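The residues making up each chain are set out below.
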Amino acid sequence: METLVQGTEPGKKPTATKASRGKRIRARMWKDRYLYLLLLPGLLYFIVYRYVPMLGITIAFKDYSPFMGIVDSPWTGLDNFRRIFESSEVVQVIWNTLIISFLQIIFAFPAPIILAIMLNEVANPLLKRVMQSVVYMPHFLSWVVVVGIVTIFFRNEGLVNDLLREAFGSQQTIGFLTEPQYFRPFLILEVIWKEAGWGTIIFLAALSGVNPALYEAAVMDGASRFRQIWHITLPAIRSTIIIMLIIRLGDVLEVGFEQVFLQLNAFNMHIGNTLDTYVYFKGIQQSDYSFSTAVGVFKGLVGLILVMGANKLSKRFGEQGVY
């Protein structure tokens, strides 16, 4: 051992140390080999379906032709990205996406928090479980089913218009599905109805960790239920709310392709066409693969910047953040 140490150059660690370290790592991996085997399917999933497809991002920097392939298609540099900011149509689509996304953050994001607090206040355990099951159920319906239900109820000959005509004695119908001013409110209400119950799972889990002694002390001090929620419940789940908000900001340009696409028509296209549907129309229907890929890359970069910025801002306010 002394010979090995003396034979090494100054400033370098002995080779015996490196060899022993590698031996320890291999021994630890062999010891936990079954855990690594359990990790393997998930690792392969991310490699095959997440990382390998990222090679297709090069299409955004080329004039891609399916007949020439990705490798042989000519490079165009940043021309496709310049088209994003030069096209008035793309600017309008980005604006539509941002409006819908921020409306979802303002109205749909707080809905699971409010619902979780309301469920947490239910004292009867059986009633609480029944209510949880009821509000979870819409999450398991596909957007095709949800939009179909909305269409049946709110079409011109639907139940809602029939009830309005009977109530007010008017023959006039309201075009809920064709008039543009109803498009965005319907999107937000559908998201709240479908996903609010499922979103309560995380917040109810956070609420389960609140010490009951805090509520008992608040009752002894004469605090009302609203005061208990404001000073105990909300501060207890503040970190969870911030983390979920940071994750949501990463999808600020993602408003749901299926939901929007199924409700688009000639009357609401100018306010309802979002980045997801625009990429579909340009990339699939018009075969402009390079430009649609550039729009997708742009959307991902904006989400990454927002997540990093929100995470850094949360740490400045003393929260842990996502990473």
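Description of the structure in this document. (Residues numbered from 1 in each chain as written. Predicted model: local features only at pLDDT ≥ 70, side-chain atom pairs only at ≥ 80, totals over all residues. Heavy atoms only, no water.)

1. Looking at the nonpolar core
In terms of nonpolar packing, the biggest core is built from 16 residues, with Ile113, Leu204, Leu207 and Ile241 touching the most fellow members. Mapped by element, the contributors of at least two residues to this core are helix H7 (110-120), helix H11 (183-207), helix H12 (212-220) and helix H13 (225-236). Considering every element that reaches this core, the biggest residue donor is H7, with four residues. Listed in part, the 15 residues of the second largest apolar core include Ile94, Leu253, Tyr278 and Val297. (Core = buried A, V, L, I, M, F, W, Y, C linked by side-chain atoms within 4.5 Å. Buried < 20%, exposed > 50% of the residue type's maximum accessible area, 1.4 Å probe, protein only. Helix = DSSP H or I, 4+ residues; strand = E, 2+ residues; numbered from the N terminus.)

2. What about the environment of Ala294?
If you trace the backbone, Ala294 turns up in helix H18 (residues 289-316). You can call Ala294 buried: its relative accessible area is 0%. Placed 118 residues apart in sequence, Ala294 and Phe176 show a C-alpha to C-alpha distance of 35 Å. Leave out the neighbours within four places in its chain, and Ala294 touches Ala60, Asn80, Phe81 and Ile84. (Contact = heavy atoms within 4.5 Å.)

3. Things to note about the pattern of salt bridges
One pass over the full model with this rule turns up seven salt bridges. The partner of Lys299 in a salt bridge is Asp276, with the nearest N and O atoms 2.5 Å apart. Separated by 23 residues along the polypeptide, Lys299 in helix H18 and Asp276 in helix H17 (residues 275-285) bring together distant segments of the chain. As far as burial versus exposure is concerned, Lys299 and Asp276 are alike and both buried. A cluster of three or more residues bridged by salt bridges with shared partners is formed by Glu254, Asp276 and Lys299. (Salt bridge = Lys/Arg side-chain N within 4 Å of Asp/Glu carboxyl O.)

4. As for the side chain of Gln228
Note on placement: Gln228 falls in helix H13. Judged by its relative accessible area of 3%, Gln228 falls in the buried class. Apart from the residues lying within four places of it in its own chain, the contact partners of Gln228 are Tyr215, Ala218, Val219, Ala223 and Thr233.

5. Overview of helix H6 (residues 88-108)
Counted at 1.5 Å a residue, the expected span for H6 with its 21 residues is 30 Å, and the 29 Å between its end C-alpha atoms agrees. Those residues of H6 lying buried are Val90, Val93, Ile94, Asn96, Thr97, Ile100, Ser101, Gln104, Ile105 and Ala108. Within H6, the buried residues cover an arc of 165 degrees as seen down the axis, which keeps them to one side. In H6, the exposed positions that point more than 90 degrees away from the buried face belong to Ser88, Trp95, Ile106 and Phe107. (Expected span 1.5 Å × (residues − 1). Arc of directions from axis to C-beta.)

All we've got here are geometric facts, nothing functional implied.
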